[in-house]
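Residue-level listing of the chains:
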Amino acid sequence: MHPNPSIASIRARLLGGMAAYMRRCAEDPQSEAPYGQAEIDECAGILDAYAASVDKLPKSAAPAAIMREVEKVVLALNGFDERCNVIETEERESLCDIIYLVARDAGLDADEDITEQWREW
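What counts, and at which threshold
- Residues numbered from 1 in each chain as written.
- Predicted model: local features only at pLDDT ≥ 70, side-chain atom pairs only at ≥ 80, totals over all residues.
- Heavy atoms only, no water.
- Helix = DSSP H or I, 4+ residues; strand = E, 2+ residues; numbered from the N terminus.
- Rg over C-alpha atoms; globule rule 2.2 N^0.38 Å.
- Buried < 20%, exposed > 50% of the residue type's maximum accessible area, 1.4 Å probe, protein only.
- Contact = heavy atoms within 4.5 Å.
- Areas by Shrake-Rupley, 256 points an atom, 1.4 Å probe, with all protein chains shown as cover.
- 1 Å grid on protein atoms, 1.4 Å probe; cavity = no way out; pocket = protein on both sides within 12 Å on 5 of 7 lines; lining within 4 Å.
- Points joined across faces, edges and corners; volume = space filled by probe spheres on them.
- Nonpolar A, V, L, I, M, F, W, Y, C, P; charged D, E, K, R; others polar.
- Expected span 1.5 Å × (residues − 1).
- Arc of directions from axis to C-beta.
- Phe/Tyr/Trp six-rings, centres within 6.5 Å; stacked < 30°, edge-to-face > 60°.
- Lys NZ or Arg CZ within 6 Å of the ring centre and 35° of its normal.
- Lys, Arg positive; Asp, Glu negative; His and termini not counted.
- Salt bridge = Lys/Arg side-chain N within 4 Å of Asp/Glu carboxyl O.

1. So, the overall build of the protein
Okay, so step 1: Each helix and strand in the protein was counted, giving four helices and zero strands.
Okay, so step 2: If you list the helices and strands of the protein from N to C, you get α-α-α-α.
Okay, so step 3: For 121 residues, the compact-globule estimate of 2.2 N^0.38 gives 14 Å, and the C-alpha radius of gyration of the protein, at 15 Å, lies within 12% of that figure.
Okay, so step 4: The burial tally for the protein puts 43% of its 121 residues in the buried class.
Okay, so step 5: Within the protein, contacts between residues at least 6 apart in sequence are counted, and of these 69% link residues at least 24 apart.
Okay, so step 6: For the protein, the exposed surface amounts to about 6,800 Å²; the carbon and sulfur share of it is 47%.

This is the structure in structure tokens:
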């Protein structure tokens, strides 16, 4: 994942929260987790692929190039959430923070939600 400690911390909190919810559901006989470890790993993989793609961009990447990567990750997360129904408010906020911070570290200067135009979650 990305070397920014804030991103690593948000990512760990996001994935840890998903795992904790899955465990709580497993302990409750009347509840069934809507996802498993494979889905948590898939979410981590989507985020890691996004960070790697952005990191491969030239240091002087145009904002449009960074935003193409943002669009790709948001569309991937849309498909992921459509299949798994994982992304709720807390996850959405963490995902948006990660996406924004990776883009900002790559040089994108934006004050608005950079995911909104594609995001369905």
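2. Things to note about the layout of surface pockets
Okay, so step 1: Estimates place the volume of the largest pocket at around 200 Å³.
Okay, so step 2: Lining the largest pocket we find 13 residues, and of these Y21, Y35, V86, E88 and E91 sit closest to its centre.
Okay, so step 3: Of all the elements in the fold, those that place two or more residues in the lining of the largest pocket are α1 (5–27) and α4 (89–105).
Okay, so step 4: Examining the composition of the lining of the largest pocket, we find that five residues originate from one element, α1, more than from any other.
Okay, so step 5: Here the lining of the largest pocket is built from residues that sort into six nonpolar, three polar and four charged.

3. Comments concerning helix α2 (residues 37–56)
Okay, so step 1: Given a rise of 1.5 Å per residue, 20 residues ought to cover 28 Å, and the 28 Å separating the end C-alpha atoms of α2 matches this to within 8%.
Okay, so step 2: Listed in full, the buried residues belonging to α2 are I40, C43, A44, I46, L47, Y50, A51 and V54. Along the axis of α2, the buried positions cluster into a sector of 150 degrees, meaning they face one direction only. Residues of α2 that are exposed and angled more than 90 degrees away from the buried face: A38 and K56.
Okay, so step 3: Those residues of α2 that are buried lie in contact with α1, α3 (63–84) and α4.

4. Remarks on the environment of M22
Okay, so step 1: Looking at the element boundaries, M22 is found in helix α1.
Okay, so step 2: Linking M22 and Q37, residues 15 residues apart in sequence, is a C-alpha distance of 8.2 Å.
Okay, so step 3: Not counting the four nearest positions on each side in its chain, M22 is found in contact with A33, Y35, G36, Q37 and I40.

5. Points about the packing of aromatic side chains
Okay, so step 1: This structure, assessed with the given rule, holds one aromatic pair.
Okay, so step 2: The residue whose ring lies beneath R119 is W121, and the NZ or CZ to ring-centre distance is 5.5 Å.

6. Here we look at the side chain of D81
Okay, so step 1: Structurally, D81 can be placed in helix α3.
Okay, so step 2: Buried charged residue D81 carries no salt bridge. Nearest counter-charge: R92, at 8.6 Å.
Okay, so step 3: Those residues in contact with D81, other than ones at most four positions away along the chain, are V86, I87 and W121.

7. What to know about α4
Okay, so step 1: With 17 residues, α4 extends 24 Å from end C-alpha to end C-alpha; this agrees with the ideal 24 Å at 1.5 Å per step.
Okay, so step 2: Looking only at α4, the buried set comprises E91, S94, L95, C96, I98, I99, L101, V102 and A103.
Okay, so step 3: Looking at the packing, one finds that the buried side of α4 touches α1, α2 and α3.
Okay, so step 4: Trailing α4 by a residue or two, G107 shows a phi angle of about 115 degrees, which is positive.

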